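# Understanding the architecture of this molecule
Letter by letter, the chains look like this.
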Amino acid sequence: MDNCIFCKIINKEIPKEFLYDSENVVAFLDINPSADIHILIVPKEHIGGIGDIESKHGRLLTEVYETVKKLVALNNLQDNLYRVVVNGGSAQHVPHLHFHLLGGNWKKMV
Ligand code: AMP
Ligand code: ZN
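Residues numbered from 1 in each chain as written. Chains lettered and ligands numbered in written order. Predicted model: local features only at pLDDT ≥ 70, side-chain atom pairs only at ≥ 80, totals over all residues. Heavy atoms only, no water.

## Brief notes about the coordination of the zinc ion (ligand 2)
To be explicit about the condition: Water is absent from the atoms considered, so a metal site may look incomplete; donors are defined as N, O and S atoms within 2.8 Å of the metal, or 3.2 Å for Na, K and Ca. In short, tetrahedral needs four donors with all angles between 85 and 135 degrees, square planar needs four and octahedral six donors with opposite donors over 155 degrees apart and all other angles between 65 and 115, and whatever is left is irregular. Segments assigned H or I by DSSP are reported as helices when at least four residues long, segments assigned E as strands when at least two residues long, and all are numbered from the N terminus. Exposure classes here rest on a 1.4 Å probe applied to the protein chains alone. A residue is buried below 20% of its type maximum, exposed above 50%, and partly exposed in between.
Note on the zinc ion (ligand 2): its protein donors are Cys4 (SG), Cys7 (SG), His46 (ND1) and His96 (ND1). The metal-donor distances range over 2.0 to 2.3 Å. For the zinc ion (ligand 2), the four donor atoms in the first shell make angles of 104 to 117° at the metal, a pattern classed as tetrahedral. Positions of the donor residues of the zinc ion (ligand 2) along the chain correspond to the pattern C-x2-C-x38-H-x49-H. In this pair, His46 is assigned in the loop between strand S3 (37-43) and helix H2 (58-74) and His96 in the loop between strand S4 (82-87) and strand S5 (98-103), connecting sequence segments 50 residues apart. The exposure class of His96 is buried, given its relative accessible area of 0%.

## Overview of the environment of Asn80
By the secondary structure assignment, Asn80 is in the loop between H2 and S4. A relative accessible area of 53% means that Asn80 is categorised as exposed.

## Notes on the pairing of S5
Applicable threshold: Strand pairing requires that DSSP identify at least two bridges connecting the strands.
Among the six residues in S5, six count as buried, and that is most of the element. Strand direction decides the pairing type here: S3 and S5, joined by five bridges, are antiparallel. Residue pairing in the sheet places Leu40 in a bridge with His100 of S5. Here S4 runs beside S5; their pairing, made up of six bridges, is antiparallel. Looking at the pairing, Asn87 lines up with His98 of S5.

## Notes on the site of ligand 1
As a reminder of what qualifies: Throughout, the term near means that a residue has one or more heavy atoms lying within 4 Å of the molecule or strand in question. Any N or O atom pair separated by 3.5 Å or less is treated as a polar contact, with the protein-specific requirement of one donor-capable and one acceptor-capable atom, and with residues adjacent in sequence counted only for side-chain atom pairs. Computed by Shrake-Rupley with a 1.4 Å probe, the accessible areas treat only the displayed protein chains as cover when residues are assessed. Residues are sorted three ways: Asp, Glu, Lys and Arg are charged, Ala, Val, Leu, Ile, Met, Phe, Trp, Tyr, Cys and Pro are nonpolar, and all the rest, Gly among them, are polar.
Neighbouring ligand 1 are 16 residues; Asp30, His93, Val94, His98 and His100 lie closest to it. Asn87 is positioned with one of its side-chain polar atoms (N or O) 2.9 Å from an oxygen atom of ligand 1. In isolation ligand 1 exposes 510 Å². Once the protein is present, 81% of that is buried. Listed by contribution, the elements that provide at least two residues to the shell around ligand 1 are helix H1 (5-10), strand S2 (25-29) and S5. Here the shell around ligand 1 takes three residues from H1, the largest share from any one element. For the shell around ligand 1, the per-class residue count stands at eight nonpolar, six polar and two charged.

## Side note on the side chain of His100
What counts here: We call two residues contacting when some pair of their heavy atoms lies within 4.5 Å.
In this structure, His100 sits in strand S5. Among the residues examined, His100 registers a relative accessible area of 13% and is labelled buried. One polar contact links His100 to His98, side chain to side chain, over a distance of 3.5 Å. When neighbours within four sequence positions are excluded, His100 is seen to be in contact with Asp30, His38, Ile39, Leu40, Arg83, Val84, Val85 and Asn87.

Quick look at the structure:
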């Protein structure tokens, strides 16, 4: 989608080192981290936000959470040392569905 920063990263118009890169999902470090470990997991398809998720996205969402699991293990964040925050789809957020993996000194939210 035009003017979507995450689509530009996915299409390599903006250079970014990927921690994970598959046919459907990428993961990269958040540029302005809110925790010791702050990784964004982003579906390659431009889905605006939670309000745009449809049943056809089931497999994709499973892959997103499988990616979270891999990154949790790689960063030794098992045993509930992390939170996942899902954003996108409003004026306050990058309008492309994304999942923040926050580990370490994440702010207590729930
Ligand atoms: P939000 O939509 O509120 O979840 O915020 C978007 C998140 O994307 C913020 O945590 C930003 O720091 C992050 N972000 C924005 N641009 C980039 C970028 N070019 N590379 C990595 N992270 C980014
Ligand atoms: Zn996008």
